[in-house]
Each structure stands twice: as structure tokens, then as C-alpha cells.
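A look at the structure
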Amino acid sequence: MALGISGLSGSGLDTSALITAIMNQEKVPLNSLTTKKEVTTAYKDFFTALNTKTTTLRDAATALSDLSTYNAFSATSSSTSTLSTSTVGDKALAGTYSVTVANLAQKHVVASKSIDVSTTFAASGLPTTFTIKGQSIDLTSIGIKSDTTMGDALSLISNAINGLSGTGVKASVIQTESGKKSLVLTASDFGTANKVDIAQLDSNWAFAEKQEAKDAKITVNGVDITSSTNTVENAIEGVKLTLTGVGSSTVEVGQDISGITKKIETFVSAYNDIVNTIRNNTKASTENKDGSLSLTLMGDSLLRDMQTQLGGWMQQVIGSTDPNRDTKLPNILSDIGIEIDKGVTSASLMTGNITFNSTLLKEKMLANPEAVKNLLTGSSSGSVGNVGMADLFKDNLKVWTDSVDGLITMKVKGYSSDITFLSEQITSMSDRLDMKKVALEKKYANMEVMLSSLKSQSSYVSNILKSITGSSDK
């Protein structure tokens, strides 16, 4: 327990301030350790974040190396008011298709006669049983009595029909005019095969057709096609057409360039994130407001090597380097619009960032999609074949990000070990300093007690001497 002493009673010294000054001096090594731990933690956090960013880049490269990316097709419709396109399989055939929609598929709709909602069920003349698709509903069992109004009865009957399974219809009640309503049966599915059989319904209800059941009818490049729904699959191989209106549209089916473009954009963003992170943290230290210097990793060999390797991979030639090769075939990333410091001529302005020209990529894809694919994923032609740019990044970055012995991983582990060691030193030193402070407080407290005692004795002796001197004078 710390002793509360002021030191002013005996020695006249402010011993509390004296102890604080001594301990502040003793804490200099401890403060140095604490600062070193904070700096080490900051470096560890930086490399942990860098590892995450590098993993993101590797994931982007992995996605680009996926062969299915280049086998995917997309389809577009010139008139979305007539039809839209969706799911395109890898069996789709590139081409232009003329599609005409003659009519859309419709659900069959029938409705009963209009019924006065204030009339009682007994007065309506309707039977107490409603039968549809061989299933009968006992109306008295669902709460309909002779004095139940038809407004309530129609709602109960509609709910009961919807509670059945296998009828192929959905029931509803609509108001036909003021005070009158009708029971409406709508086929659950489109097409002529799903018509509601009015002949099977009780004639007292006087059901009549309100909307004809229709199959969708279209032509694709002049070939007639009938569909029971407005979703037509494989009329164009691998393409799903969703019909939205009557009319004509041109459907273009081709390689999904937009999908490849998005994956390259993700790759470019991840690459630039790493380059910018390294550049921003390897600048020369600057002086902070408190006079200290900002942290920097300038000169860090790991970062320097990483920056060099990334730039080298970007400039890697894939495939033939023969000057007489077909120059129309891309063999470096800049050939498809991915370029470092494009247009920058001054070294001081170079950042190492890459830009992506999606228009150039599209041109190259339309001209020779296989050549672009080979650049990014590699080619098996020849006796050995070539590693594609995406695989180059994916394979090489594993050396950096491996969770066990990756270069960045090992750097982080090293910092973690240092932090553990420093934490142990700080704890040990703090304990020793606490013990020293207690010892100082006890030492000075004892001194104050002794000095106070001596002061009292001195005062006592002085008083006795004064008394003796006074008696002698008399």
C-alpha cells in the first residue's frame, strides 16, 4: 500500500514531489519500451492490412483465371418492352436472332353472375355445396347459414376454395357494380392446357368466360414456337426469354464481355490499392506537432521487393516474343488496355497505378476472344504451353499470402513475437518500479518520523536549558 506523506512536517522537504521526480527518471526505460511496443504494433497492423489487400488481389486474379468466365455468354434485347433476356448457359450460340411476339400467354378467367350482396343465402337460390375439380365444399360447414348475406357468403366461399389443393384455380371476389359482387376463378397457370372447365361448375352460379386462356406464340428467325408461359427457354439455345409485350425485337447473343470487364476492374482496383498503400507508407518521415517524427517503412526490403515484383509481373510477356509474330495477338496486358502509369512521362509523377481501357478490351474480345483468353489464362498450345497473366499473379502471390509461411505472414508473426516479448518486459519492469516506489515512500516516511522525533527532543532540551538558565539568573 502506498504511504501518504507530504514531507513538510519533519524535514521541510516535499518528499512526494521528490519521489515523483525519482520515479519519472526511473520510468524512462519503461516509456521507451512502451513507445517501442506501440511502434511495433503499428507496423504489425500495417502488414496485417497489407496481407488482406494482397489476398484480395490474389482472389481477383483467381477469378480472372477461371475458364468459365470466358465461356459465359450474354444476350441483349433491342426492345425490352417486347421481351427481356436472362440466364444464358454456356451452350448458347453466338449470333443475331429476330424474335416476333404474336401474343402473350394468358391465364383463363371465369366469373359468376353478379349477386346482390344484401340478399340472404337462402334467397339466392344457390346450392349448399360448391364443387370444383371433383372436390366439394359443404357451405354450411364453413359458417354459411340461411340468413348469411351473400356479401359475407362470397368471401367465405372464396377462402374455402383457396384452401383446397389441386384445383388449379385461385378464387377472388370483385365488385361488379354498387351493391353487387361476383365470384371470380382464375387459373393458377398460363396457357390453354390450364383452362377452367365451366361445364363442371354448378349452372346456378352462371359462370362465364372473362379472359381467354392463351398460349404465347412467337417466331424466332421465322420459326413458329408456342409456349404455355411467357418464359420461353431454349427457343434460342441456352437463352431464357421473358415475354413482356406484343412486337418484334432483335436478340444479340455473344460472349459476356461485361462479366470479364467487371473482373478486370476488380483486379485493377485491388492492385492499385496495394501500390498506393506501399507508396503512402514508404515516404520520408515528417515532423509531428510534438516534435516527433512520423512512422515510415521507407527502406523496408519486403515492401521494396513486393513493389518490384508486382511491376515486373505487369510487364511480363505472355506467349511468343518473336518480332515476326502476329502483332494482332496480344501478349502483354497493355495490349488489352491494362497499363501502368499510362501517359505519364515524368518520373516524379509516376505512381505505379494501372489504368484499364474497357473499350480497347471490348475491341480485342470482338476481334479475337481466344487470344484474350490465352493472355489471361494461358495457352496449352505447343509442347509446354504458357502460363496466363491471371495464373501468374495467383501463383506468385501465394508465396506472399500463405497462411503458414507466406512472406507477409512471417513478417506479421515476427512483429507478434516482438510485441509479446516487449509486453513481458514492460510488465516485469512495471512491477519492479512499483516495488521501488513503495520502498521510497516507506524510506522517506521513516525519515520524516525520525526527523519529527528529533525535532521534538530538540525542543524539549531547549526548554529545559531555558528553564535552568532562568533559575541561575535569579
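Predicted model only: the values in this text are computed from it and were never measured.

1. Observations concerning the overall build of the chain
- What the chain contains, in helices and strands, is 11 helices and 19 strands.
- The globule rule puts the C-alpha radius of gyration for 474 residues at 23 Å, and the 44 Å found for the chain is more than 25% above it.
- When its C-alpha atoms are laid out on the principal axes, the chain stretches across 150 × 90 × 35 Å.
- Within the span of the chain, comprising 474 residues, buried residues form 33% of the whole.
- Counting contacts in the chain only where the partners sit at least 6 residues apart, residues at least 24 apart contribute 69% of the total.
- Split by element, the accessible area of the chain, about 26100 Å² in all, is 52% carbon and sulfur.
- Side-chain charges of the chain comprise 43 positive and 47 negative groups, with the mean position of each set lying 6 Å from the other.

2. Remarks on a nonpolar patch on the surface
- Together, I464, L465 and I468 give the surface a local cluster of nonpolar side chains, amounting to about 260 Å² of exposed area.
- Within the secondary structure, I464 is located in helix α11 (residues 407-473).
- On the basis of relative accessible area, I464 is assigned to the partly exposed category, the value being 34%.

3. A short note on the pairing of strand β9 (residues 180-187)
- Relative to β9, strand β4 (residues 109-111) runs antiparallel, the two sharing three bridges. Residue pairing for β9: A111 is matched across the bridge by V184.
- With two bridges joining them, strand β5 (residues 115-116) and β9 adopt antiparallel strand pairing. The partner of D116 across the bridge, within β9, is K180.

4. Considering the packing of helix α2 (residues 28-65) against helix α7 (residues 301-314)
- One can describe the packing of α2 onto α7 by two numbers: an axis separation of 13 Å at closest approach and a directional angle of 15°. By the angle between their directions, the pair α2 and α7 is classed as roughly parallel. For the element pair α2 and α7, the recorded crossing hand is left-handed. Contact residues: F46, F47, L50, T54 and L57 in α2; L302, L303, M306 and L310 in α7.

5. Quick notes on α7
- An ideal rise of 1.5 Å per residue puts 20 Å on 14 residues; α7 measures up with 20 Å between its terminal C-alpha atoms.
- Along α7, the residues classified as buried are L302, L303, M306, L310, G311, W313 and M314. In an axial view of α7, the angular spread of the buried residues amounts to 165°, which keeps them on one side of the axis.
- One side-chain oxygen of the residue at the start of α7 lies 3.0 Å from the amide nitrogen of L302, identifying that residue as D300.

6. A short note on unusual backbone geometry
- The phi dihedral of K133 is positive, around 50°, even though this residue is not glycine.
- Mapped onto the fold, K133 is located in the loop between β6 (129-132) and β7 (135-138).
- In this model, N234 sits at a positive phi of 65°, which is unusual for a non-glycine residue.
- Locating N234 in the fold gives a position in strand β13 (residues 231-236).
- By relative accessible area, N234 is classed as partly exposed at 46%.

7. Remarks on the side chain of T148
- Relative to the elements of secondary structure, T148 occurs in the loop between β7 and α5 (150-162).
- Separated by 2.8 Å, the side chain of T148 and the backbone nitrogen of K145 make a polar contact.
- If near-sequence neighbours (up to four positions away) are discounted, T148 is found in contact with T119, T120, F121, G143 and A153.

8. Topic: the environment of F207
- Here F207 is to be found in the loop between β9 and β10 (208-211).
- Spatially, the C-alpha atoms of F207 and L349 are 81 Å apart, while their sequence positions differ by 142 residues.
- The contact partners of F207, leaving out residues within four places of it in the chain, are V110, A111, S112, F130, L183, L185, I198 and L201.

9. Some details on the pattern of salt bridges
- Evaluation of the coordinates by the stated rule reveals five salt bridges.
- For the salt bridge of D402 with K398, the shortest nitrogen-to-oxygen distance reads 2.8 Å.
- We classify K398 as partly exposed; its relative accessible area is 40%.

10. Digging into the confidence of the model for the chain
- Summarising the model, the chain shows a mean pLDDT of 87, and 92% of its residues fall at 70 or more.
- Under a pLDDT of 50 for its full length, residues 1-8 has, in the predicted model, 20 contacts with residues more than four places off or in other chains.

11. A few points about the packing of aromatic side chains
- As enumerated under the stated definition, the model contains 10 aromatic pairs in all.
- Judged by centre distance (6.4 Å) and plane angle (75°), the ring pair of F130 and F207 falls under edge-to-face. You can see F130 sitting in strand β6 and its partner F207 sitting in the loop between β9 and β10, a full 77 residues away along the chain.
- The class of F207 is buried, set by a relative accessible area of 9%.
- One aromatic cluster in this structure is built from Y43, F46, F47 and Y415.
- Geometry around F190 places K107 over its ring, the cationic atom sitting 5.2 Å from the centre.

12. Things to note about the sheet that holds strand β11 (residues 216-220)
- With respect to topology, five strands assemble into an open sheet ordered β1-β15-β3-β11-β12, the strand pairing being antiparallel. Edge strands, defined here as strands with exactly one partner in the open sheet, are β1 (73-77) and β12 (223-227). Across the sheet, the axes of successive neighbouring strands diverge by a mean angle of 25°, strand direction being ignored.
- Sheet topology note: the β11/β12 ladder contains five bridges and is antiparallel. Within the sheet, the bridge partner assigned to T219 lies in β12 and is D224.

Basis of the calculations
- Along every chain, residues carry numbers that run from 1 in the direction the sequence is written.
- Two thresholds apply to this predicted model, a pLDDT of at least 70 for residue-level local features and 80 or more for giving and counting side-chain atom pairs, whereas whole-chain, interface and lining totals are computed over all residues.
- Excluded from the side-chain calculations are hydrogens and water; all other atoms, namely the structure's heavy atoms, are used.
- The helix and strand labels rest on DSSP assignments: H or I over at least four residues marks a helix, E over at least two residues marks a strand, and numbering proceeds from the N terminus.
- It is over C-alpha atoms that the radius of gyration is taken, and the globule rule equals 2.2 Å times the number of residues to the power 0.38.
- Relative accessibility decides the category of a residue: with a 1.4 Å probe and only protein chains considered, values under 20% of the type maximum give buried, values over 50% give exposed, and everything between is partly exposed.
- Whether two residues are in contact is decided by their heavy atoms: any pair within 4.5 Å suffices.
- In this description, accessible areas are obtained by the Shrake-Rupley approach with a 1.4 Å probe, and a residue is regarded as covered only by the protein chains that are shown.
- Residues scored as positive are Lys and Arg, those scored as negative are Asp and Glu, and His as well as the terminal groups of each chain are ignored.
- Charged groups are reduced to one reference atom each: NZ for lysine, CZ for arginine, CG for aspartic acid, CD for glutamic acid.
- Only residues whose relative accessible area exceeds 30% and that form no salt bridge are eligible for patches; like-charged ones are grouped when within 9 Å, while nonpolar side chains (Val, Leu, Ile, Met, Phe, Trp, Tyr) are grouped when within 5 Å.
- Here a salt bridge means any side-chain nitrogen of Lys or Arg lying within 4 Å of a carboxyl oxygen belonging to Asp or Glu.
- The criterion for strand pairing is that DSSP finds at least two bridges linking the strands in question.
- Axis definition: a line fitted to C-alpha atoms, limited for helices to the stretch in contact. Angles are taken between N-to-C directions and run from 0 to 180 degrees.
- Any angle between 65 and 115 degrees counts as roughly perpendicular, while under 35 counts as roughly parallel, over 145 as roughly antiparallel, and the rest as oblique.
- In a left-handed crossing the near helix is turned counterclockwise from the far helix by less than a right angle, and in a right-handed crossing that turn is clockwise.
- Here a helix's expected span is defined as the number of its residues, less one, multiplied by 1.5 Å.
- The arc in question is formed by the directions pointing from the helix axis toward the C-beta atoms.
- Counted as a polar contact is a pair of N or O atoms within 3.5 Å, where, for protein atoms, one must be capable of donating a hydrogen and the other of accepting one, and residues adjacent in sequence contribute only when both atoms are in side chains.
- Per-residue confidence from the predictor is reported as pLDDT, which spans 0 to 100.
- Each Phe, Tyr or Trp ring (for Trp, its six-membered ring) is paired with any other whose centre lies within 6.5 Å, and the angle between the two planes then decides the class: stacked below 30 degrees, edge-to-face above 60, tilted in between.
- Comment: the charge-over-ring label is applied if NZ (Lys) or CZ (Arg) is within 6 Å of the ring centre and within 35 degrees of the ring normal.

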